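# Descriptive analysis of the structure
Here's the letter readout for the chains.
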Amino acid sequence: MSAINKEQIDQWLREGTITQEQANKMLADSTEYRKEQSSNKLVVAISTIGSILLGIGAILFVASNWAVMPNLMKILILVGSTFGAYWAGYYFKYQRQNLPKVGASLIFLGALLFGATVFLIAQMYNINANSHVLVLIWLIGILPFVYGFSSSPIAGLAALLFYIWIGLFVFKGLDFYRAQGDFFKLPVLYLVSGVLMFGIGALHYLSEKLKGVARVYRLAGIKIAMVSLFFLTFRFFSGFYEHYSFFSRSLETSSQFTFGFVLFSILAILLAVIALMFNPSKSSTNILESSVALGLTGAALLFFFFHATTNIYVLLFNLILAGIVFVLLFVGYQREDMQIVNTGMFWLSALILVRYFDFFWDLLPRSLFFMVGGLILVLGGIALERKRRQLKAKFTSVSAVSQ
Amino acid sequence: MDKKKIFILLGVFWLVVIGGFIGYKEYTLRTGQEVLLKTTPVDPRDLFRGDYVVLRYDISNLNSPSVIFERNDFKSGEKVYIGLNTKGKYAVATGVYSQPPSDGLFIKGTLKDVSSTRVGVEYGIESYFVPEGKGREIERRLGRNVDVKVAVDSSGNAVIKSLLIDGQEVRFK
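Residues numbered from 1 in each chain as written. Chains lettered and ligands numbered in written order. Predicted model: local features only at pLDDT ≥ 70, side-chain atom pairs only at ≥ 80, totals over all residues.

## Focus on the overall build of chain A
Counting its secondary structure elements, chain A contains 14 helices and 0 strands. Seen in sequence order, chain A has helices and strands lined up from the N terminus as α-α-α-α-α-α-α-α-α-α-α-α-α-α. Within chain A, buried positions represent 36% of all 403 residues. Put simply, of all contacts in chain A between residues at least 6 apart along the chain, 70% involve residues at least 24 apart. (Helix = DSSP H or I, 4+ residues; strand = E, 2+ residues; numbered from the N terminus. Buried ≥ 20, exposed ≤ 12 C-beta atoms within 10 Å, placed from the backbone. Contact = placed C-beta atoms within 7 Å.)

## Topic: the overall build of chain B
Regarding its fold elements, chain B presents 3 helices and 13 strands. By the burial criterion, 31% of the 173 residues in chain B qualify as buried. For chain B, the proportion of contacts with a sequence separation of at least 24, taken over those separated by at least 6, is 61%.

## Section: helix 1 (residues 3-31) of chain B
If you check helix 1 of chain B, its first and last C-alpha atoms are 41 Å apart, about what 29 residues at 1.5 Å a residue would give, namely 42 Å. For helix 1 of chain B, the set of buried residues is Phe7, Leu10, Trp14, Ile18, Phe21, Lys25 and Thr28 of chain B. (Expected span 1.5 Å × (residues − 1).)

## Looking at the interface of chain B and chain A
Across the boundary between the two partners, chain B contributes 34 residues, which contact 34 residues of chain A. For the side of chain B that touches chain A, the secondary-structure elements that each account for two or more residues are helix 1, strand 8 (105-114), strand 10 (127-129) and strand 12 (158-165) of chain B. Along the lines of polarity and charge, the residues of the side of chain B that touches chain A split into 19 nonpolar, 6 polar and 9 charged. (Nonpolar A, V, L, I, M, F, W, Y, C, P; charged D, E, K, R; others polar.)

## A look at unusual backbone geometry
Each neighbour pair has its own omega, and for Ser64 of chain B with Pro65 of chain B the value is 10°, a cis peptide bond. Secondary-structure assignment places Pro65 of chain B in the loop between strand 4 (61-63) and strand 5 (68-69). Backbone geometry at Asn126 of chain A places phi at a positive 55°, although glycine is not the residue there. Looking at Asn126 of chain A, the number of C-beta atoms within 10 Å reads 25, which means it is buried. The backbone of Ser150 of chain A shows a phi angle near 45°, a positive value even though the residue is not glycine. The residue Ser150 of chain A is located in the loop between helix 5 (132-148) and helix 6 (152-170) in this model.

## Let's talk about the sheet that holds strand 12 of chain B
All names here are of chain B. Strand order in this open sheet of 4 strands is 1-11-12-13, and the pairing throughout is antiparallel. The sheet is open, and its two edges are formed by strand 1 (33-38) and strand 13 (168-169), each paired on a single side. Bridging between strand 12 and strand 13 involves 2 bridges; their strand directions are antiparallel. By the bridge assignment for strand 13, Ile165 is matched with Gln168. Together, strand 11 (146-152) and strand 12 form the strand contacts of helix 1, whose direction differs from that of strand 12 by roughly 60°. (Pairing = 2+ DSSP bridges. Axes fitted to C-alpha atoms, helices over the stretch in contact; angles between N-to-C directions.)

## Here's the deal with the packing of helix 4 (residues 100-124) of chain A against helix 5 of chain A
Between two packed helices, the angle of one axis relative to the other and the distance separating the axes together describe the packing. Residues and elements named next belong to chain A. Between helix 4 and helix 5, whose axes approach to 10 Å, the crossing angle comes to 155°. Between helix 4 and helix 5, the interaxial angle falls into the category roughly antiparallel. Seen from above, helix 4 lies across helix 5 with right-handed handedness. Contact residues: helix 4 offers Ile107, Ala111, Phe114, Gly115, Val118, Phe119 and Ala122, while helix 5 offers Leu134, Ile137, Trp138, Gly141, Ile142 and Phe145. (Parallel < 35°, antiparallel > 145°, perpendicular 65-115°, else oblique. Left-handed = near helix turned anticlockwise from the far one by under 90°.)

## So, the nonpolar core
Judged by nonpolar contacts, the single largest core of 130 residues is most densely connected at Leu191 and Val192 of chain A together with Val150 of chain B. Considering every element that reaches this core, the biggest residue donor is helix 4 of chain A, with 15 residues. In this structure Leu191 of chain A touches Ala225, Ser228, Leu229, Leu232, Leu296 and Ala300 of chain A, once residues within four positions along its chain are discounted. (Core = buried A, V, L, I, M, F, W, Y, C linked by C-beta atoms within 7 Å.)

## A look at the confidence of the model for chain B
Per-residue pLDDT for chain B averages 84, and the proportion of residues at 70 or more is 85%. Across the interfaces of the predicted complex, the ipTM metric reaches 0.84, alongside a pTM of 0.79. (pLDDT = per-residue confidence, 0-100.)

## Some words on the environment of Ser98 of chain B
For Ser98 of chain B, the position within the fold is in the loop between strand 7 (92-97) and strand 8. With near-sequence residues (within four places) excluded, Ser98 of chain B lies in contact with Glu70, Arg71 and Val80 of chain B.

Okay, structure coming up:
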């Protein structure tokens, strides 16, 4: 449901669809609804920030490694606060049902405290500080909550932990200077993991009650894929180095990295094909979305397995990023989804900015470089903001009519 | 399924995960054979990082032929089992195997730096957590003899029991 705007009510009144009395009632209800929505958003924002702060506080408390307490007491404190937050969240959201937003935030706090408990136990038993297993246990521990309570914030946390786990897993047991190949190929691994996450999100649309979770996964997939693509537009990550030598090591990737990359690529392709055939999200732009997912995985595989002796991949990834930006803007426009439009606009600005630096840093005198750059930023910013507002107003009025 | 059942089931699930994690480590601590590992000198700049001490052992770097290599095509990231001889004061490595040795004590590790005659091994016991600010204290005493007492269970899992400086267990107050 969404609020009906005044222009629409006036139009219905002029057309004789509704009476003046009905128009007044609709206007009053609509204003009330807007106030309620605004208040809800504030409650969600405040309680979520509160939960995050409490979670961070608990994690820092663990990290400070207070020595005077016996281990049992430390565990009891953290397990107690984890279950306390979880119980209070359940009580407010489901049992009493009087503070559902605060309850959801407390369940989310429980998920954060669960991670703090895992890290405290690891600290007590002196488990290696950067062990990927700890993040994996945290992820496995909170994943059932995503489905049990259809929780979007916990889904976001799970997506974040998944990406952190990938990074730690790739470098497990490897020193940086012995894992340079893996480091340089990290963006391409994250690119396919983003595509995979997007596909996992699409599958979640099969369940009506998991639609919120599906969207979180899809947005998380888009965000990590865009960040990865952005890194790949730089020569540092996707360029050709004729005489690369750093501690006399080659740029070969480790077997665990290659295995992970191939596995993620296969799964990403599989899910993109499933999405293409069955369209679980019932998206009007499904063919385009699935084709882009397949194309991105294909480009990642090409880059991973076929080394170029030129900088062709730099050009390719720049073109791909530009293409994806336009796909995002198109899909966002088609689906009237402001978040996707904003993502597209953000990456469009980032791409223009860095390529401006790349191309004109050496060509223009410094003063001119900064003046032109500043002018582009100011004018571009105004143009983008104007367009964004136009789209937002358009989407709002269309959604009001369609309700 | 109603929310109450989900609430209880997920609570039990958390207890199982936390309990299982503690139980797994306690099993090694309680049933494992106690061995003393000699720590190798570490660059002091690397030793103290945050609130934990980075440890390196004599058995962290193994050279052939003083230690038997079951194969010569080991790869980084591979899980291995290191045979241990515990007859002396310190446990010393005897061989690197891809399967658990049929007799004697062994410790499980992951290869991290491999050449045909040398392997680096990580055992998951390379961090020793200290109270905030106490790492510097340990760092000052570094020139002295630092050992680590470890429990190794029958599957080769290891857990640190204590850190010893000049044979004395380090205790923080």
